[in-house]
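# Summary of the model geometry
So you can see what is in the structure, the chains are spelled out below.
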Amino acid sequence: MTEKAEETGGKGPASLDLQMDRAHPARVYDYFLGGKDNFPADRELGDLIAAVTPEMRDTAHINRSFMVRAVKYVAECGVDQFLDLGTGIPTSPNTHEVAQSVIPGAHVVYVDNDPIVSVHGRALLATDSTTALVQADIRDIDRLLEEPKLRQLIDFSRPVAIMLVAVLHYVTDEDDPGRIVSRLLQEAAPGSYLILSHFSADMSPRAHQVVELAARDGVAMRARSREEIAEFFTGLEMVEPGLVLPPLWRPDGPVPSDLSNAWGYAGVARKN
Ligand SMILES: C[S@@+](CC[C@H](N)C(=O)[O-])C[C@H]1O[C@@H](n2cnc3c(N)ncnc32)[C@H](O)[C@@H]1O
């Protein structure tokens, strides 16, 4: 898939294998966020999920707001390079817009395995020499870390923000998400940050229905408990308030009294 996307030289969706006949996580998420870059198969799965779990639309928005606050926080801590793994289809503000509003010229490398993210990303994410987009699978983390485009912009001898926002729940246990995180952190210099959010069934057993519906459409997912998600932060210093429901992570406005639509946990931590 990577070769196919690169070969097209950004000619557009028609020349790529976008697998429009089946749902893709990036496009279902885009549908939940109210975006336009999705196809009937994506909307069909989105509607099936929303029928049993109407909370999922809010969960997507809530997660995206966490991402924006966390990137701003880490940039304000002085980190000027961001590795955004599982980028998603561009949705304003994107990581580089947030990071560069704090540190102009901050470097951002976007990584996603969905070719449609590459199509839109070329125009909206890889805008100048400070940003780049790599189409790759994070499950092959060793190969990704050798990617020349990534190495050109990310200097691992200096602090970097490793972003795994709403992506590890697409990595099943057999693909060992813990190793992905530890390999990234092993590469990262002291002073680096991990920004992570993850879908969970702790809030409602209906979250398992989301996993089942996605699986029926060929999208593998794994809802994890707070305890399991906390393990990804092992050895790091948690930033206050720790691993919490996303709306409770350093809110920049009033927190809604009803948090029953926040199906997941979010946290930021520092490597010392
Ligand atoms: C729910 S979206 C999250 C987007 C963005 N991080 C956010 O939180 O707003 C998950 C993204 O992860 C991507 N993804 C899923 N599995 C992946 C993998 N193994 N390697 C790279 N990207 C992956 C999907 O294509 C999708 O764009």
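Okay, so let's go over this structure. Since the model is a prediction, treat every value here as computed from it, not as a measurement.

## Overview of the packing of aromatic side chains
Within the structure shown, the criterion is met by four aromatic pairs. Their ring planes at 90° and their centres at 5.7 Å tell us that Y73 and W249 sit as a pair that is edge-to-face. In this pair, Y73 sits in helix α4 (residues 55–76) while W249 sits in the loop between β6 (237–238) and β7 (264–270), placing the two residues 176 residues apart along the sequence. The same class applies to Y73 and to W249, which are both buried. Judged by centre distance (6.5 Å) and plane angle (35°), the rings of F199 and W263 are tilted. Here F199 is found in strand β5 (residues 193–199), whereas its partner W263 is found in the loop between β6 and β7, with 64 residues between them in sequence. Residue F199 shares its accessibility class with W263, and that shared class is buried. Among the aromatic residues, ring-to-ring pairing joins F66, Y73 and W249 into one connected group. For R57, the ring lying beneath its charged end belongs to Y31, and the centroid distance is 5.1 Å.

## A look at the nonpolar core
Counting 36 residues, the largest nonpolar core has I138 and L164 as its most contacted members. The element best represented in this core is helix α9 (residues 177–187), accounting for four residues. Ignoring sequence-local partners within four residues, the contact set of I138 consists of L85, V111, L144, L164, V167, L168, V171 and I180. Residues M67, V74, A75 and I89 belong to the second largest nonpolar core, which totals 33 residues.

## Observations concerning the pairing of β5
With seven of seven residues buried, β5 lies mostly within the body of the structure. Side chains of β5 alternate between two faces, with Y193, I195, S197 and F199 and L194, L196 and H198 buried alike. Where strand β4 (residues 161–165) meets β5, five bridges bridge the pair, whose relative direction is parallel. Across the sheet, the residue bridging to A161 is Y193, located in β5. Running through α9, the crossover from β4 to the neighbouring parallel element β5 is right-handed. As paired strands, β5 and β7 are joined by seven bridges and run antiparallel to one another. For L196, the partnering residue across the bridge sits in β7 and is G267.

## Side note on the sheet that holds β7
Taken in spatial order, the seven strands line up as β3-β2-β1-β4-β5-β7-β6 in an open sheet, and their pairing is mixed. Pairing within the sheet leaves two strands with one partner each, and these edge strands are β3 (131–135) and β6. Here two bridges tie β6 to β7, and the two strands are oriented antiparallel to one another. Residue E237 lies in a different strand from β7, and its bridge partner there is R270. Contacting β1 (81–85), β4 and β5, α9 crosses the sheet at an angle of about 165° to β4.

## Some details on the side chain of S118
Turning to its location among the elements, S118 is positioned in helix α6 (residues 115–124). Apart from residues lying up to four places away in sequence, S118 is in contact with L133 and Q135.

## Quick look at the site of the ligand
As a matter of local geometry, the ligand sits amid 18 residues, with Y29, N63, G86, D112 and D137 nearest to it. Taking D112, its side chain carries an N or O atom lying 2.6 Å from an oxygen atom of the ligand. Considering the ligand on its own, with 600 Å² of exposed area, one finds that the protein chains cover 98% of that surface. Every element with two or more residues in the shell around the ligand is listed here: α2 (25–32) and α4. Taken together, the residues that form the shell around the ligand break down as eight nonpolar, five polar and five charged.

So, how was this worked out
- Residues numbered from 1 in each chain as written.
- Predicted model: local features only at pLDDT ≥ 70, side-chain atom pairs only at ≥ 80, totals over all residues.
- Heavy atoms only, no water.
- Phe/Tyr/Trp six-rings, centres within 6.5 Å; stacked < 30°, edge-to-face > 60°.
- Helix = DSSP H or I, 4+ residues; strand = E, 2+ residues; numbered from the N terminus.
- Buried < 20%, exposed > 50% of the residue type's maximum accessible area, 1.4 Å probe, protein only.
- Lys NZ or Arg CZ within 6 Å of the ring centre and 35° of its normal.
- Core = buried A, V, L, I, M, F, W, Y, C linked by side-chain atoms within 4.5 Å.
- Contact = heavy atoms within 4.5 Å.
- Pairing = 2+ DSSP bridges.
- Right-handed = clockwise from strand over helix to strand, strands pointing away.
- Axes fitted to C-alpha atoms, helices over the stretch in contact; angles between N-to-C directions.
- Near = heavy atom within 4 Å.
- Polar contact = N/O pair within 3.5 Å; in protein donor to acceptor, adjacent residues only side chain to side chain.
- Areas by Shrake-Rupley, 256 points an atom, 1.4 Å probe, with all protein chains shown as cover.
- Nonpolar A, V, L, I, M, F, W, Y, C, P; charged D, E, K, R; others polar.

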